[in-house]
Amino acid sequence: MSDGQQICHQGKREEYAIYTGQASACFVPGLAGVTYPDPSYEIYRPRADCYVFEYVLSGTGHVRQDKESVTVTAGDAYILQPGRSHHYYADSKDPWTKVWFNVGGSLVGHLLSDYQLGNVLKIAAFGDESYLYAILHAIEKEPVRSGSELELLLHRYIQALSGFLGSEASCQSRALTMRNFIEQNASRPLTIDDIAECVPLSRSRAIHLFKETYSITPYRYYLKLRLALSQSLLERTVMSIQEISDYLGFMDYRHFSGFFRKECGISPSSYRREHSSLLTPEDGDLREK
């Protein structure tokens, strides 16, 4: 591919509407449309003259802007900037269907900057095609007089993308807060209510958010850390099993032993005999209580 040669294989099935009304330097609506699956679809602009907003409805595509490359699938959105090299194309085995809007003007750049999207290429799992469809339908309905409406619709779309990224960051931050809380308090009894209150969130929301982020429930993660701490104390210290039980806040030795056997498959004393390098076989039984 020549760096200066523009390539445009728009595909065999593509529907679009063109804005034909007045424009200003601030806002220059172009065209919007839907691209249907075609493995030969490819667009290459060595120096683009417009912003490109696209949302993947199904299938897979590959997007490169200057030196940054991403793969996009159903539910993903992406934004391409003017003045940069654009190269995007359908996956040959699973070609995409996508809805899109090409637009220019300084207002778009200001909006992206104001909403902290100026350097964002891919918005993964955005999951809402309605904004770009609204833009497409507005042009189809009023190709000459829809300029003001298109400006408002694009503003709402950019706002939604920014809000989505903000909420994702917030969710990840709260999940991390819960994880840190669990790790800092693994040596004492905790309930799921204790974990949820540190954020704070409802029990159900806390469980869903943590599992979505770390692929494990918060309480299961807590139990996993409790087991790891128990194993470490059995392996690396000469604390009796009763002392370990007290240190970890169990009601009594029996509760600790039951927990350990359920999580590890063997009793604490058997685990210590197999893994501790600090005790002699004669000492092992003496350190149980």
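Since we're looking at a predicted model, the values are computed, not measured.

Visitor: Would you mind showing me how to read the nonpolar core here?
Guide: Side chains of nonpolar character tend, in soluble globular proteins, to be buried together. Formed by 33 residues in total, the largest nonpolar core has its most connected members in Phe-53, Phe-126, Ile-135, Leu-154 and Tyr-157. For this core, the secondary structure elements donating two or more residues are strand S3 (28–35), strand S5 (51–58), strand S8 (77–80), strand S10 (97–104), helix H1 (106–114), helix H2 (130–141) and helix H3 (147–184). In this structure Tyr-157 touches Phe-53, Glu-54, Tyr-55, Ala-77, Phe-126, Tyr-131 and Leu-132, once residues within four positions along its chain are discounted. In this structure, Cys-171, Leu-190, Ile-192 and Tyr-221 belong to the second largest nonpolar core, which totals 30 residues.

Visitor: Explanation requested: the packing of H3 against helix H6 (residues 218–236) in the structure shown.
Guide: In a pair of packed helices, the angle between the axes and the distance between the axes together describe the arrangement. Between H3 and H6, the least distance of the axes is 10 Å, while the angle of their chain directions is 30°. Comparing the axis directions of H3 and H6 gives the class roughly parallel. H3 and H6 meet at a crossing whose hand is right-handed. Together, Arg-179, Ile-182 and Glu-183 of H3 and Pro-218, Tyr-221, Tyr-222 and Leu-225 of H6 make up the contact between the two elements. A class-by-class count of the residues in the contact of H3 with H6 yields five nonpolar, no polar and two charged.

Visitor: What exactly am I supposed to notice about the packing of aromatic side chains here?
Guide: By convention here, two paired aromatic rings are described through the distance between centres and the angle between planes. Scanning the entire structure with this criterion turns up 16 aromatic pairs. Pairing Phe-210 with Tyr-221 gives two aromatic rings, centres 5.7 Å apart and planes at 45°, and the pair type is tilted. Here Tyr-221 lies in helix H6 and Phe-210 lies in helix H5 (residues 203–214), a separation of eleven residues in the sequence. Taken individually, Phe-210 and Tyr-221 each receive the classification buried, so the pair is uniform in this respect.

Visitor: Would you explain the environment of Trp-100 in this entry?
Guide: Its location among the elements puts Trp-100 in strand S10. A residue is classified by how much of its surface remains accessible, and Trp-100, at 3% relative accessible area, is buried. For Trp-100, the contacting residues outside a window of four places in its chain are Glu-14, Glu-15, Tyr-16, Leu-31, Ala-32, Gly-33, Val-34, Thr-35, Phe-53, Glu-54 and Leu-132. Among the polar contacts made by the side chain of Trp-100, one reaches the side chain of Thr-35 at a distance of 3.0 Å.

Visitor: In this structure, what is going on with unusual backbone geometry? I would like to understand it.
Guide: Glycine aside, residues mostly have negative phi, and peptide bonds are mostly found in the trans state. Here the residue pair Val-199 and Pro-200 is connected by a cis peptide bond, since its omega of -5° sits within 30 degrees of zero. For Pro-200, the location among the structural elements is in the loop between helix H4 (192–197) and H5. Phi at Asp-66 takes a positive value of approximately 50°, unusual for a residue other than glycine. If you trace the backbone, Asp-66 turns up in the loop between strand S6 (60–65) and strand S7 (68–73). A positive phi angle, near 60°, is found at Ser-215, a position not held by glycine. Relative to the assigned elements, Ser-215 resides in the loop between H5 and H6.

So, how was this worked out
- Residues numbered from 1 in each chain as written.
- Predicted model: local features only at pLDDT ≥ 70, side-chain atom pairs only at ≥ 80, totals over all residues.
- Heavy atoms only, no water.
- Core = buried A, V, L, I, M, F, W, Y, C linked by side-chain atoms within 4.5 Å.
- Buried < 20%, exposed > 50% of the residue type's maximum accessible area, 1.4 Å probe, protein only.
- Helix = DSSP H or I, 4+ residues; strand = E, 2+ residues; numbered from the N terminus.
- Contact = heavy atoms within 4.5 Å.
- Axes fitted to C-alpha atoms, helices over the stretch in contact; angles between N-to-C directions.
- Parallel < 35°, antiparallel > 145°, perpendicular 65-115°, else oblique.
- Left-handed = near helix turned anticlockwise from the far one by under 90°.
- Nonpolar A, V, L, I, M, F, W, Y, C, P; charged D, E, K, R; others polar.
- Phe/Tyr/Trp six-rings, centres within 6.5 Å; stacked < 30°, edge-to-face > 60°.
- Polar contact = N/O pair within 3.5 Å; in protein donor to acceptor, adjacent residues only side chain to side chain.

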